[in-house]
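Here is how the chains run, residue by residue.
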Amino acid sequence: MKSRRVHITGASGAGVTTLGRALADALAMPHHDTDDYFWQPTSPPYQHVREKADRLRLMQEMFLGRTEWVLSGSLDGWGDPLIPHFDLVVFLQTAQTFRLNRLRDREATRFGADAVAPGGWRHREMEDFIEWASRYDAGDHTIRSLQKHQTWLAALRCPVLRLDGARPLPDLVKEVTAAITPAK
């Protein structure tokens, strides 16, 4: 049986996790997200980074040896040992304004509109996150950036499918499915 191991990556807010979940559902494959391995479980989330060796060990235990899976998120240098497992990498690029609006909406949904509004308990963290995400398009190799992603993608040996993350989700799922499903 041919493997179908798909990694979906891009900037925060590009639609990477959303596409990963939808693709996994459409193909009846397990979905994993790098945030679940990068961050230790905390409440609120995203407070403590898990050690690199622990991330990689958990990924090996959970899914790397299987023939089918979807992994969404950024590996940003720490996940290079996973590269030989990829059959396809999907890179979502989405306009900055669109991405930042998605991120604001996501934060309001996740934590509550009052929490992220000025004076809310999560407002400062959200603004810091948005500011960090806004540096993606113009950033250099020293941060998670378009330039860093482009360099990483260029070195891959597997096929890379580049898509606009603002397109309708069903269209993206259809295109990725066609790329990973063998012709009959």
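Before reading further, recall that the structure is shown in the block above.
Rules and cut-offs
Residues numbered from 1 in each chain as written. Predicted model: local features only at pLDDT ≥ 70, side-chain atom pairs only at ≥ 80, totals over all residues. Heavy atoms only, no water. Axes fitted to C-alpha atoms, helices over the stretch in contact; angles between N-to-C directions. Helix = DSSP H or I, 4+ residues; strand = E, 2+ residues; numbered from the N terminus. Parallel < 35°, antiparallel > 145°, perpendicular 65-115°, else oblique. Left-handed = near helix turned anticlockwise from the far one by under 90°. Contact = heavy atoms within 4.5 Å. Expected span 1.5 Å × (residues − 1). Buried < 20%, exposed > 50% of the residue type's maximum accessible area, 1.4 Å probe, protein only. Arc of directions from axis to C-beta. Pairing = 2+ DSSP bridges.

Student: Explain the packing of helix H1 (residues 16-27) against helix H8 (residues 169-180) residue by residue, including any values.
Tutor: At a minimum axis separation of 10 Å, H1 and H8 run at an interaxial angle of 60°. In this view, H1 runs oblique relative to H8, as classed from their interaxial angle. Here the hand of the crossing between H1 and H8 comes out right-handed. Residues Thr18, Leu19, Ala22, Leu23, Ala26 and Leu27 of H1 touch H8, and the partners they reach there are Leu169, Leu172, Val173, Val176, Thr177 and Ile180.

Student: Can you tell me about helix H4 (residues 96-111), naming the residues and giving the values?
Tutor: In this model H4 runs 22 Å from its N-terminal to its C-terminal C-alpha over 16 residues, within 8% of the 22 Å that 1.5 Å per residue would give. Those residues of H4 lying buried are Arg99, Leu100, Leu103, Glu107 and Phe111. Considered in projection along H4, the buried side chains sweep an arc of 95° and stay on one side of the axis. Exposed and oriented more than 90 degrees from the buried face of H4 are Thr97, Asp105 and Thr109. Buried residues along H4 sit against helix H5 (113-116) and helix H6 (123-134). At the C-terminal side of H4, Gly112 shows a positive phi close to 100°.

Student: So what about the pairing of strand S5 (residues 160-164)? Which residues, and what values?
Tutor: What you see with S5 is a clean split: Leu161 and Leu163 sit on the buried side and Val160, Arg162 and Asp164 on the side with no burial. Judged from the five bridges that link them, strand S4 (residues 88-93) and S5 form a sheet pairing that is parallel. Along S5, the bridge assignment pairs Phe91 with Arg162.

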